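Geometric and topological summary
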Amino acid sequence: MGLIDIKSMTTEELTALMGEFGQPKFRAKQIFSWLHGGADSFDEMTNLPISLREKLKEECYIACVEIERKLVSALDGTVKYLYRLHDGEYIESVLMSYNHGYTVCISTQVGCRMGCSFCASGLSGKVRDLTASEMLAQIKMAEKDNGIRVSNVVMMGMGEPLDNFENSVRFLRLVSHDDGMNIGLRHISLSTSGVVSGIERLAEENMPITLSISLHAPFDDMRSKMMPVNKKWNVAALIAACKKYQSVTGRRISFEYAMIKDVNDSRECADGLVKLLRGIMCHVNLIPANPVVENNFKRSDDKNVNNFCEYLNSKGVNTTIRRTLGADIDASCGQLRNQKKRRDDNENCK
Ligand code: SAH
Ligand code: SF4
């Protein structure tokens, strides 16, 4: 039987485990605090009896990530990590500094199976889901490596969080727990390519996170070419799910729109967006698209992005342009892992 992933356990599950181990309930809280305070080993848990520490070592493991590569932006201090997981897989995280504190962008899967045409993460499909503990470990490593506290988290790295629903929701519960990292749900954004079934399930959880929708095109033919998920759930189905989500949670929704030259940056697209988003309390984030080595699209000109932004605002759609951080370090997710993969493949060919 495999070892127990103890850092993914809720306090209730840990309490039950302590029962199985013949331990008093209060041990669960002690262990939870150690794990989420950043303990890397059971030996550090000095307020536990040695016999319990030994039992934990036999039965459980503490998930962690190792830094394989680290790039620091000379422009703005953004740090991009390529982390190695226990099974030799690689994921990416980015640490960004804003006036209001530090934000970490975490991955939720190794690779991604959604296959969006402009994205580096999905180029070679999904390898596996990340556990909640592996999501937490990305934040903790960024904190330890920089001696800082993270105040905001965005689930916008590699992977589709709603294609890994249970682990993502488990992560949200754990990271916001008072006895854990205590990062408020209001400080967390979850980004989805439009997995409607997941948006509906998430609404039932009624968590005060920010839901971010990667829209990128207002029309079905255009969006289906860019994002295969649109063939399963089209724009109308996605917008209906957003409206439902908003009526349940009362939360403003964020729409991401990566601007690609001569693809989705026309006036017709802007008008399409205005029509589509009417009646939704929302915010549009325009992202000058990051060219990816494997693709050949170009980002829209700055002037066009500015005009598009002004036009949407003039029509009553609250829109801003996302500040580009880490422009000198390829901060768009998936690229470091692909570089690493290409290098390893070349090594293997020799
Ligand atoms: N799978 C989720 C979350 C991870 S992707 C999703 O798709 O929403 C995070 C964001 O980066 C998404 O908005 C995605 O559309 C965007 N993105 C991916 N590749 C990009 C690129 N080359 N340029 C700009 N944005 C990109
Ligand atoms: Fe996956 Fe998001 Fe990239 Fe699409 S944009 S391939 S859903 S990570």
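Description of the structure in this document. Just so it is clear, the structure is predicted and the values come from calculations on it, not from any experiment.

1. What to know about the site of ligand 2
Near ligand 2 the following residues occur: Cys 112, Met 114, Gly 115, Cys 116, Cys 119, Ser 121, Gly 159, Glu 160 and Ser 193. Looking at side-chain class alone, the shell around ligand 2 contains four nonpolar, four polar and one charged residues.

2. Observations regarding the packing of aromatic side chains
If you walk through the whole model with that rule in mind, you get two aromatic pairs. A ring pair is formed by Tyr 81 and Tyr 83, whose centres lie 5.2 Å apart and whose planes are at 5°; its orientation type is stacked. The buried category is assigned to Tyr 81, whose relative accessible area is 1%. With relative accessibility at 0%, the residue Tyr 83 sits in the buried group. Between the aromatic rings of Tyr 257 and Phe 308, the centroid separation amounts to 5.5 Å while the plane-to-plane angle is 25°, which identifies the pairing as stacked. With Tyr 257 in strand E12 (residues 253-259) and Phe 308 in helix H11 (residues 302-314), this residue pair connects regions lying 51 residues apart in the sequence. The class of Phe 308 is buried, set by a relative accessible area of 4%.

3. With respect to unusual backbone geometry
In the Ramachandran plot, Asn 206 falls in the positive-phi region, its phi being about 45° despite a non-glycine side chain. Its location among the elements puts Asn 206 in the loop between helix H6 (196-205) and strand E11 (210-214). Although it is not a glycine, His 216 adopts a positive phi angle of roughly 65°. Note on placement: His 216 falls in the loop between E11 and helix H7 (220-226).

4. Points about the sheet that holds strand E4 (residues 79-84)
Spatially, the ten strands line up as an open sheet ordered E3-E4-E5-E6-E9-E10-E11-E12-E13-E14, and their pairing is mixed. Each edge of the open sheet carries a strand with a single partner, namely strand E3 (66-72) and strand E14 (319-321). Each neighbouring strand pair of the sheet contributes to a mean axis angle of 25°, computed without reference to strand direction. Two strands pair when backbone bridges link them, and E11 and E12 are joined in this way by three bridges, in the parallel orientation. Bridged to Ser 212 within E12 is Ser 254.

Parameters and conventions
- Residues numbered from 1 in each chain as written.
- Chains lettered and ligands numbered in written order.
- Predicted model: local features only at pLDDT ≥ 70, side-chain atom pairs only at ≥ 80, totals over all residues.
- Heavy atoms only, no water.
- Near = heavy atom within 4 Å.
- Nonpolar A, V, L, I, M, F, W, Y, C, P; charged D, E, K, R; others polar.
- Phe/Tyr/Trp six-rings, centres within 6.5 Å; stacked < 30°, edge-to-face > 60°.
- Buried < 20%, exposed > 50% of the residue type's maximum accessible area, 1.4 Å probe, protein only.
- Helix = DSSP H or I, 4+ residues; strand = E, 2+ residues; numbered from the N terminus.
- Pairing = 2+ DSSP bridges.
- Axes fitted to C-alpha atoms, helices over the stretch in contact; angles between N-to-C directions.

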